[in-house]
Amino acid sequence: EGGKVGLKSNNRKVLPIEYDELNQIEDGIFIACKGNHWGAVDIYGRTIIPCDYKWVFYDAPARTFGVNGKAAMGLYNQQGKMLLPDRLDYIGTFVDGKAPIWGNSVMGFVDKQGIISDGFAEDIIKRIDQDIPKETKGLWELYCLYTDLMPGHAGLHHKLGKALTGTSLHDKGLEHLKIASELD
């Protein structure tokens, strides 16, 4: 109707006629588009992933959705639980239960539950240590990115806290040092 699509089953409306596109990817799951924004819905009319993303892809063997937000990629499971916020530069396809991830030129791996490999955090800390003396403009964003991805990693909060205590963001630095000490 009017260029929009929905879904009926046995003359019963299952998905409202409000989508620009519906592509069935698996029995009962659809990638959906509303106004150039993509998401995922199921045959019961439930939103798995809101139609907020530039694109969405489904990794059938891993039963996960990769999404691309404003400028970065994230990961959801088939039930719609966000595994990783859309803050990574790249998420590859899963092989043997793990997918490669990249963020700020650092590579790591994520499993189907959204757990990032330990080496990734350590490599990020090394990268941050290299950038601190340069007072890199994007350092704050880099820290925020990785504390979002790995909120329980004490080392990241510690480095962030130390870097910020000598700046105008002193209070935020102390807050991160407190978090780090509670996590340790």
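Residues numbered from 1 in each chain as written. Predicted model: local features only at pLDDT ≥ 70, side-chain atom pairs only at ≥ 80, totals over all residues. Heavy atoms only, no water.

On to the pairing of strand S8 (residues 64-68), then. Among the five residues in S8, five count as buried, and that is most of the element. Taken together, the five bridges between strand S7 (residues 55-59) and S8 define a ladder with antiparallel strand orientation. Bridge assignment links phenylalanine 57 to a residue of S8, and that residue is glycine 66. Counting the residues that bridge the hairpin from S7 to S8 gives four residues, and of these arginine 63 lies at a positive phi of roughly 60°. Relative to strand S9 (residues 73-77), S8 is paired through five bridges, and the arrangement is antiparallel. In the sheet register, threonine 64 faces S9, and the bridge partner there is asparagine 77. From the end of S8 to the start of S9, which pair antiparallel, there are four residues. (Buried < 20%, exposed > 50% of the residue type's maximum accessible area, 1.4 Å probe, protein only. Helix = DSSP H or I, 4+ residues; strand = E, 2+ residues; numbered from the N terminus. Pairing = 2+ DSSP bridges.)

Pairing is antiparallel in the open sheet, where three strands are placed in the order S11-S12-S13. Unpaired on one side and paired on the other, strand S11 (90-91) and strand S13 (106-111) mark the two borders of the sheet. For strand S12 (residues 98-103) and S13, the ladder comprises six bridges, and the chain directions are antiparallel. Along S13, the bridge assignment pairs tryptophan 102 with methionine 107.

Below, the discussion takes up the sheet that holds strand S5 (residues 37-42). Across the sheet, which stays open at both edges, the four strands sit in the order S3-S4-S5-S6 with antiparallel pairing between neighbours. A strand with exactly one partner marks an edge of an open sheet, and here the two such strands are strand S3 (21-26) and strand S6 (47-53). Across the sheet, the axes of successive neighbouring strands diverge by a mean angle of 20°, strand direction being ignored. Of the pairings in the sheet, the one linking S3 to strand S4 (residues 29-34) comprises five bridges and is antiparallel in character. Bridge assignment links glutamate 21 to a residue of S4, and that residue is cysteine 33. (Axes fitted to C-alpha atoms, helices over the stretch in contact; angles between N-to-C directions.)

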